[in-house]
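Residues per chain are reported as follows:
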Amino acid sequence: MFALLSELFSYSFLIRGLIVGSLVALCAALLGVSLVLKRYSMIGDGLSHVGFGALSVAMALNMAPLAVAVPVVVLAAFLLLRISQSSRLGGDSAIALIASASLAAGVIVTSLTSGLNADVYSYMFGSILAMSEGDVYLSLVLAAVVLILFIVFYNRIFAITFDESFARATGTKVSRYNMLLSLLTALTVVIGMRIMGTMLISGLIIFPALTAMRLCRSFKSVVITAAAVSVSAFFLGMVASYAFGTPAGASIVAVNTVFFLVFFAVEKVKGR
């Protein structure tokens, strides 16, 4: 085991992936708790599909993929929030509509230009090898922004998560903080797409929160446990990916699934 870890840490690109991925896993877990409790957990899946569409267009135009994906996904997050709040469409319906349309646009653009090449495949299912040095620096900056804003506005996010009506009555600008939550989620999805892929990034948002909720009851304990589970599952998934030659994103989701099943089993045993 020690030999495996020593070999893993001898590669600079894996170290970059571990650093960025751990920050992404932490961000996703923190935001995932609020998204799951607000029954808005599939926003990660919807935004990842939007990201795939944006990336496909960017590659077709020979533009920097992340530079295009960041503003497009952020705008899509605000649009999803506005549609779900001001129309007859529910949040899940709005996500399904925008996600399907974006994925279709991405597939059409890809088929008409480069086809399903290695670059497109890496964005769909994740690839640490695809991360350039510029991607790493951009990801670190975005992850730092997400963590800082979450910590600074933790109390407001807690308020809008559990009771928007009460928060509004106490003077909290609910719409403003819902937009902040959407912004942070959009940034997390974008920086996670390189490692997890657009098809699997939502698992990084949903699994840790649901896992922590099996045993924890307070919001703070769920957030802390979800963060610990997410980072641990990411690291173990990366080790498994390196050891067995499996895709990184799929390996990380598989480890998250194991964590969920273990916590679920412990919950059942405690319930007896």
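Residues numbered from 1 in each chain as written. Predicted model: local features only at pLDDT ≥ 70, side-chain atom pairs only at ≥ 80, totals over all residues. Heavy atoms only, no water.

Across its full length, the protein chain carries 13 helices and zero strands. Across the protein chain, helices and strands are ordered from the amino to the carboxyl terminus as α-α-α-α-α-α-α-α-α-α-α-α-α. The 272 residues of the protein chain split such that 48% are buried. Counting contacts in the protein chain only where the partners sit at least 6 residues apart, residues at least 24 apart contribute 77% of the total. (Helix = DSSP H or I, 4+ residues; strand = E, 2+ residues; numbered from the N terminus. Buried < 20%, exposed > 50% of the residue type's maximum accessible area, 1.4 Å probe, protein only. Contact = heavy atoms within 4.5 Å.)

The contact between helix α3 (residues 43–60) and helix α10 (residues 174–196) brings their axes to 9 Å, and the two run at 55°. Relative to α10, α3 is oriented oblique. In the crossing of α3 with α10, the sense of the turn from one axis to the other is right-handed. Two secondary-structure elements touch here, α3 through I43, G44, L47, S48, G51, F52 and L55 and α10 through T185, A186, V189 and M193. Classifying every residue of the contact of α3 with α10 gives seven nonpolar, four polar and no charged. (Axes fitted to C-alpha atoms, helices over the stretch in contact; angles between N-to-C directions. Parallel < 35°, antiparallel > 145°, perpendicular 65-115°, else oblique. Left-handed = near helix turned anticlockwise from the far one by under 90°. Nonpolar A, V, L, I, M, F, W, Y, C, P; charged D, E, K, R; others polar.)

What follows deals with the nonpolar core. Ranked by internal contacts, the top residues of the largest apolar core, which has 74 residues, are V33, L47, L80 and L204. Apart from the residues lying within four places of it in its own chain, the contact partners of L204 are V24, A25, A28, A29, M196, S230, I252 and N256. (Core = buried A, V, L, I, M, F, W, Y, C linked by side-chain atoms within 4.5 Å.)

Below, the discussion takes up the packing of aromatic side chains. Evaluated as defined, the whole model comprises eight aromatic pairs. Here the aromatic rings of F260 and F264 are separated by 6.2 Å at their centres, their planes lie at 20°, and the arrangement is stacked. Taken together, the positions of F260 and F264, both in helix α13 (residues 248–271) and four residues apart, correspond to about one turn of that helix. Taken together, the ring pairs in this structure connect F150, Y154, F158, F162 and F219 into an aromatic cluster. (Phe/Tyr/Trp six-rings, centres within 6.5 Å; stacked < 30°, edge-to-face > 60°.)

Turning next to the pattern of salt bridges. Counted under the stated rule, the structure contains two salt bridges. With its nearest N and O atoms 2.7 Å apart, the salt bridge here joins K38 to E164. Taken as a pair, K38 in the loop between α2 (12–37) and α3 and E164 in helix α9 (residues 164–169) lie far apart in primary sequence, 126 residues in all. For E164, a relative accessible area of 26% gives the class partly exposed. Of the charged contacts, one joins E267 and R214 as a salt bridge, the two residues approaching to 3.7 Å between their closest N and O atoms. Of this pair, E267 sits in helix α13 while R214 sits in the loop between α11 (201–213) and α12 (219–244); the two residues are 53 residues apart in sequence, bridging distant segments of the chain. (Salt bridge = Lys/Arg side-chain N within 4 Å of Asp/Glu carboxyl O.)

What follows covers the packing of α10 against α11. Relative orientation of the contacting elements α10 and α11 amounts to 120°, with a least axis distance of 8 Å. Note on element contacts: α11 touches α10 through I201, L204 and I205, opposite T185, V189, G192 and M196. Residues belonging to the contact of α10 with α11 are distributed by class as follows: five nonpolar, two polar and no charged.

A few words on the confidence of the model for the protein chain. Taken over all residues, the pLDDT of the protein chain has a mean of 83, while the share at 70 or more is 89%. The least confident element of the protein chain, judged by mean pLDDT, is helix α6 (residues 118–125) at 63; the most confident is α12 at 92. (pLDDT = per-residue confidence, 0-100.)

Turning to the side chain of H49, a few remarks are in order. Summarising the element assignment, H49 is placed in helix α3. A distance of 3.5 Å separates polar atoms of two side chains, one belonging to H49 and the other to S48. Other than its neighbours up to four places away in sequence, H49 contacts A99, S102, L103 and M199. (Polar contact = N/O pair within 3.5 Å; in protein donor to acceptor, adjacent residues only side chain to side chain.)

On to α10. Taking 1.5 Å of rise per residue, the 23 residues of α10 would be expected to cover 33 Å, and the 31 Å separating its terminal C-alpha atoms lies within 8% of that figure. The largest bend along α10 measures about 25° and falls at V190. Among the 23 residues that make up α10, 19 are buried, leaving the element largely enclosed by the rest of the structure. Of the residues flanking the end of α10, it is G197, one or two places downstream, whose phi is positive at about 90°. (Expected span 1.5 Å × (residues − 1). Bend = angle between axes of the 7 residues up to and from the residue.)

So, about a nonpolar patch on the surface. Together, L215, V258, V262 and V266 make up an exposed nonpolar region whose accessible area comes to about 280 Å². Tracing the chain through its elements places V262 in helix α13. (Patch = residues over 30% accessible without salt bridge, like charges linked within 9 Å, V, L, I, M, F, W, Y side chains within 5 Å. Areas by Shrake-Rupley, 256 points an atom, 1.4 Å probe, with all protein chains shown as cover.)

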